[in-house]
Amino acid sequence: MEIPFTKLHGLGNNYIYVDCFKTKLDEESLSDLAIEVSDTNFGIGSDGLILLLPSEVADVKMRVFNKDGSEAKNCGNGLRCIAKLAYDKGYVTQKEFSIETLAGIVHAEVNLGSTHTVEEVTVNMGEPILERSQIPMVTKEGNENDHVINESFIIDGKEYYITAVSMGNPHVVFFVDDIKKAPVDTLGSKVEKDQRFPDGVNVEFVEAVNKNELNFRVWERGSGITQACGTGACAATVASVLNGLVNKGEEITVHLDGGDLNITWTESGDVLMKGPAVKVASGTYFYQKH
């Protein structure tokens with residue numbers, strides 16, 4: 001099967017995008033397809049596969065598959081790139097429109113460059129979810145609605161302190177003194193699959209630079225270390241507000257390995273994410289169903 005694709009990235013968090021307005025894919029093959037296209041040696045090379053689809057409840061729909069074939073409920077960098085793809089292809093004509101995800105409907109606003117194509121996107125990610133049982137994190141009876149803020153977390157006999165946030169997908173934030181020394185690969189890989197997180201979890205390491213800036217690195221659930229994570233940057237900002245490191249209602253610059261995102265946890269409760277979306281390449285992938 002010949003599958004037309006576009007490769008886009010948001011701060012280096014890159015995915016293979018398939019326009020399912022025009023290309024019909026076999027539902028049973030999506031997990032295998034995501035694994036194959038993500039492979040840098042035998043596929044195209046990416047952090048996963050994202051589908052742009054028609055929606056019955058929003059202007060367009062996004063589905064996200066990690067490089068291990070698992071389906072994610074949300075992806076912040078993916079949302080910005082889906083917004084760019086939908087607008088540049090003419091599936092939406094207004095600069096503000098809605099996108100359906102498994103985590104719910106979000107709203108995007110595109111900013112155009114000199115070539116009248118989308119260069120930057122602001123996405124209203126909605127309100128963060130803080131209740132322990134909704135993240136989800138394993139609960140003790142009676143504390144299902146507790147918030148996990150600066151809570152003791154012991155793994156391999158060592159004590160850490162965590163703050164947990166869901167942005168439609170689960171995140172756990174570790175605050176560190178030096179982002180360059182953060183144990184992203186060793187601790188991130190263990191925490192991702194820790195039994196206290198029944199759905200797995202994205203693991204963020206955050207260094208508060210000042211009241212307006214955060215340094216950030218991430219171990220993404222199902223993908224490992226990536227250059228950026230949009231929902232993770234949102235979760236990191238919320239966690240930093242909850243721990244008194246930055247202020248609610250102010251725009252925070254989050255420095256990721258792939259570049260910067262601007263995040264605001266507004267006084268009304270919604271989280272706004274602003275950042276770039278970039279087209280890398282387009283082509284045809286030759287897929288043989290197994």
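The rules we used
- Residues numbered from 1 in each chain as written.
- Predicted model: local features only at pLDDT ≥ 70, side-chain atom pairs only at ≥ 80, totals over all residues.
- Heavy atoms only, no water.
- Pairing = 2+ DSSP bridges.
- Helix = DSSP H or I, 4+ residues; strand = E, 2+ residues; numbered from the N terminus.
- Right-handed = clockwise from strand over helix to strand, strands pointing away.
- 1 Å grid on protein atoms, 1.4 Å probe; cavity = no way out; pocket = protein on both sides within 12 Å on 5 of 7 lines; lining within 4 Å.
- Points joined across faces, edges and corners; volume = space filled by probe spheres on them.
- Nonpolar A, V, L, I, M, F, W, Y, C, P; charged D, E, K, R; others polar.
- Salt bridge = Lys/Arg side-chain N within 4 Å of Asp/Glu carboxyl O.
- Buried < 20%, exposed > 50% of the residue type's maximum accessible area, 1.4 Å probe, protein only.
- Arc of directions from axis to C-beta.
- Contact = heavy atoms within 4.5 Å.
- Polar contact = N/O pair within 3.5 Å; in protein donor to acceptor, adjacent residues only side chain to side chain.

1. Re the pairing of strand β12 (residues 202-210)
- In terms of strand pairing, strand β11 (residues 170-175) meets β12 through five bridges, oriented parallel. What sits directly across from V173, in β12, is E204.
- Between β11 and its parallel partner β12, the chain crosses via helix α3 (residues 184-192), and the hand of that crossover is right-handed.
- In the sheet, β12 pairs with strand β13 (residues 213-220) via seven bridges, with the strands oriented antiparallel. Directly across from V206, in β13, lies its bridge partner F216.
- Counting the residues in the hairpin turn of β12 and β13 gives two residues.

2. Notes on empty space enclosed by the protein
- A complete count under the given rule lists two cavities of 30 Å³ or more for this structure.
- The computed volume of the largest cavity comes to approximately 110 Å³.
- Taken together, 16 residues make up the lining of the largest cavity; nearest its centre are N66, N74, N169, N202 and E220.
- Sorting the residues of the lining of the largest cavity by element identifies β2 (13-19), β4 (60-66), α2 (76-88) and α4 (230-242) as the ones contributing at least two each.
- Taken together, the residues of the lining of the largest cavity break down into five nonpolar, nine polar and two charged.
- Considering only enclosed or pocket space, the second largest cavity measures out at about 40 Å³ in volume.
- In terms of lining, the second largest cavity is formed by I3, F5, I16, V18, L33, V37, L49 and Y285.
- Of all the secondary structure elements, the ones that give two or more residues to the lining of the second largest cavity are β1 (2-10), β2 and α1 (30-38).
- When its residues are assigned to classes, the lining of the second largest cavity shows eight nonpolar, no polar and no charged.

3. Some points on the pattern of salt bridges
- A full pass over the atoms with the stated rule returns nine salt bridges.
- Its salt-bridge partner being R63, residue E71 comes within 2.9 Å of it at the nearest N-O pair.
- E71 gets classed as partly exposed once you look at its relative accessible area, which sits at 31%.
- According to the relative accessible area criterion, R63 is buried, its value standing at 14%.
- In this structure, the salt-bridge partner of R132 is E151, at a minimum N-O distance of 2.8 Å. Within this pair, whereas R132 is found in the loop between β8 (118-124) and β9 (151-155), its partner E151 is found in strand β9, the two being separated by 19 residues in sequence.

4. Quick word on the layout of surface pockets
- What the largest pocket holds in volume is close to 300 Å³.
- Forming the walls of the largest pocket are 22 residues, and the residues nearest its centre are A103, I129, S166, G168 and N169.
- Of all the secondary structure elements, the ones that give two or more residues to the lining of the largest pocket are β5 (71-72) and β7 (104-112).
- Looking at the lining of the largest pocket element by element, the count peaks at three residues for β7.
- When grouped by side-chain class, the residues that make up the lining of the largest pocket number 10 nonpolar, seven polar and five charged.

5. Remarks on α1
- Those residues of α1 lying buried are L30, L33, A34, V37 and S38. The arc that holds every buried residue of α1, seen down its axis, measures 120 degrees, which confines them to one face.
- Buried residues in α1 make contact with β1, β2, β3 (48-53), β4 and β18 (278-286).

6. Focus on the environment of W265
- Within the secondary structure, W265 is located in strand β16 (residues 259-265).
- Its relative accessible area of 8% is what places W265 among the buried residues.
- The sequence separation of W265 and T237 amounts to 28 residues, and the corresponding C-alpha distance is 7.4 Å.
- Only 3.1 Å separates the side chain of W265 from the backbone oxygen of G269, close enough to count as a polar contact.

7. Quick word on the side chain of D194
- Note that D194 resides in the loop between α3 and β12.
- With a relative accessible area of 11%, D194 lands in the buried category.
- A polar contact of 2.8 Å, which involves the side chain of D194, links it to the side chain of R196.
- Once residues within four sequence positions are removed from consideration, D194 is found in contact with F153 and I155.

8. With respect to unusual backbone geometry
- A cis amide bond links I135 to the next residue, P136, at an omega of -10 degrees.
- Inspection of the secondary structure assignment puts P136 in the loop between β8 and β9.
- Positive phi, close to 50 degrees, is recorded for N150, a residue that is not glycine.
- You can see N150 is positioned in the loop between β8 and β9.

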